Amino acid sequence: MPRTTQIFCASTLYGAATLAAALDAGLFEPADRRILLVTNNATNPEITPSVDAMPGFAQLRGRFDEVLSWNETISPFHPSGWSPRENDIPMWERYVRLLWHLGDDEIQLAVESVQVNPALALCQLFTGAPVDAYADGLISYGPTRDKIDPLVGTRIGRLLHLDLVPGLTPLLLTEFGVPSELVPSEVFLKVLGELAEAETELPPLPAADEGDQPALLLGQYLSTLGILTDAEEEDLHLQMVRGAVALGHRRLVFKPHPVAPARWSRLLEDEAKKLGAELTLLDRPVLAEVAFERLRPALVVGCFSTALLTAAGLYGVPVARVGTDTVLARLTPYQNSNRVPLTIVDALLPDIADAAAVNAWAMPSRERVDELAALLGAVGFAMQPKIYPGLRGAAEAYLSRHLNPHTWRYFKRKRLTSLALPGAVPAQLSFIPRNATVRRLARRARALKQVAGRK
């Protein structure tokens, strides 16, 4: 009998912690060998710490027999941009089996973001190996962002995910009928507790009376994604400071994105001081959840970070959002996978400017989760209509009944028009997108315009 080797691919410490929790919960069958394959997808991986160099990784290391680097394996190629050419797959598989001492082992894969590299490249390389996908955050509740080759998609057995929004079922990979399976929250919390116990270098906080926990502000650095300008993101962080102080918090901790400019932190410190508060910078690259464990914040504030939902759902910490309406208006193209986490946070969490809503907020009821699921079905179809054609009816029903001044923020009229969905044009003209004659004339007009432009 050949050996069985399980290969777990992780690009973030959060993802590695999710895998560790799944293993602790017995969600994977026993294997002869377990490899953690770390991949550094940063733009400049040479100067960015990999998963196995992050604080706390040593606490996860014991779940695996060996830790290998995908970056080193495919060097000098970048993990996000490389995949084997079809004719080269047998050669690459032989090379990797030799390099990793796999021999004739039967391979089982567990990967994140299976629709893109490096996970997709790994699935292509080990042709025929069964695949488990696991979700790294709120994106699992949205559609698969790219069409997956059926030779890969039909090998995916399940989607493992955390219960970030209790009662909400992931849409990801359902086009292949992939069932979702929960990683138990209590096991995940235990793993996070291990990471927090090992973290001894968090900065000291200002002295305070018992029960005077700080407000934790989460930076995301959206300007690198081209969503906001540097000035706009700077203003978003200032809104976090002002909002937290307005709610009565005088001790603030700001956790910046690891590559955010240092000057932002100085501006926030100055703003907090001006408002009579004290801001401490948490510049150590630890998970936000480790900060929850160690700091026990009284409030967590962010834009659309997954950590907002782990704070609320797993730790019971009050949360508030900032700037989601602005980001919803700016996010392009409509298919951008950040749209789903953004929609969830905007729909569920209170705006920091609404003190009454922040103070009264609680985890959503079953009815509210059902409303969110209907909204995400419509958004998911509008994002990926070719991958999820079966969602058209549900999207039409939702838009016909629930499109109003508030829910319009989740849709774009141009997108609805291109898909002939309700809300595209005034009701009295709603026949136009489906009228074959009108569409034929429009195509002819565009063709004539292009001809005229070439003259």
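The text that follows walks through the structure, step by step, so that each part is easy to find. (Residues numbered from 1 in each chain as written. Predicted model: local features only at pLDDT ≥ 70, side-chain atom pairs only at ≥ 80, totals over all residues. Heavy atoms only, no water.)

**Some details on the nonpolar core**
Within soluble globular proteins, side chains that are nonpolar tend to cluster in buried spots.
(1) Moving on: Within the largest apolar cluster, 110 residues are counted, with the highest numbers of intra-cluster contacts made by Y141, V165, L252, V300, I344 and F411.
(2) Moving on: The residues contacting F411, other than those within four sequence positions of it, are Y334, L375, A378, V379, Y398, L399, L403 and L416.
(3) Moving on: Among the nonpolar cores identified, the runner-up in size contains 34 residues, and I7, L120, V131 and L159 belong to it. (Core = buried A, V, L, I, M, F, W, Y, C linked by side-chain atoms within 4.5 Å. Buried < 20%, exposed > 50% of the residue type's maximum accessible area, 1.4 Å probe, protein only. Contact = heavy atoms within 4.5 Å.)

**Side note on the sheet that holds strand β1 (residues 4-10)**
(1) Moving on: Overall, parallel pairing links the seven strands, which are arranged β3-β2-β1-β4-β5-β6-β7 in an open sheet. Every interior strand has two partners, whereas the edge strands, β3 (66-69) and β7 (180-183), have only one. Averaged over neighbouring strand pairs, the angle between their axes works out to 25° when direction is ignored.
(2) Moving on: Taken together, the four bridges between strand β6 (residues 156-162) and β7 define a ladder with parallel strand orientation. Following the sheet pairing, L160 is matched in β7 by E181. (Pairing = 2+ DSSP bridges. Helix = DSSP H or I, 4+ residues; strand = E, 2+ residues; numbered from the N terminus. Axes fitted to C-alpha atoms, helices over the stretch in contact; angles between N-to-C directions.)

**Structural notes on the environment of L295**
(1) Moving on: Here L295 lies in helix α10 (residues 288-295).
(2) Moving on: For the pair L295 and A215, spaced 80 residues apart in sequence, the C-alpha to C-alpha distance is 9.3 Å.

**What to know about unusual backbone geometry**
In terms of backbone geometry, most residues other than glycine have negative phi values and most peptide bonds are trans.
(1) Moving on: With an omega dihedral of 15°, the bond running from S75 to P76 counts as a cis peptide bond.
(2) Moving on: Topologically, P76 is positioned in the loop between α3 (70-74) and α4 (89-99).
(3) Moving on: The omega torsion across T332 and P333 is -10°, close enough to zero to call that bond cis.
(4) Moving on: Note that P333 resides in the loop between α12 (324-330) and α13 (339-348).
(5) Moving on: Located in the positive-phi region is L173, a residue other than glycine, with phi close to 70°.

**Points about helix α7 (residues 185-198)**
(1) Moving on: For α7, which comprises 14 residues, the first-to-last C-alpha distance of 20 Å matches the rise-based estimate of 20 Å (1.5 Å per residue) to within 8%.
(2) Moving on: Of all the residues in α7, the buried ones are V187, F188, V191, L192, G193, L195 and A196.
(3) Moving on: Buried residues along α7 sit in contact with α1 (13-24), α2 (58-61), β6, α10 and α11 (306-315). (Expected span 1.5 Å × (residues − 1).)

**What to know about the side chain of S140**
(1) Moving on: In this fold, S140 is placed in the loop between β5 (131-134) and α6 (150-153).
(2) Moving on: With near-sequence residues (within four places) excluded, S140 lies in contact with A135, L159, H161, P170, L171 and L172.

**Some points on the state of the cysteines**
(1) Moving on: A full pass over the atoms with the stated rule returns zero disulfides.
(2) Moving on: C123 forms no disulfide, and the closest cysteine sulfur to it belongs to C9, at a distance of 8.8 Å.
(3) Moving on: Using a relative accessible area of 0% as the deciding quantity, one classes C123 as buried. (Disulfide = S-S within 2.5 Å.)

**Some thoughts on the sheet that holds strand β11 (residues 299-302)**
(1) Moving on: Pairing is parallel across the open sheet formed by five strands, whose spatial order is β10-β9-β8-β11-β12. Taken across any chain shown, the strands that pair with only one partner, and hence form the sheet edges, are β10 (278-281) and β12 (319-321). Across the sheet, the axes of successive neighbouring strands diverge by a mean angle of 25°, strand direction being ignored.
(2) Moving on: Pairing geometry for strand β9 (residues 251-255) and β10, over four bridges, is parallel. Along β10, the bridge assignment pairs R251 with E278.
(3) Moving on: Contacting β8 (215-218), β9 and β11, α10 runs over the sheet at an angle of about 170° to β8.

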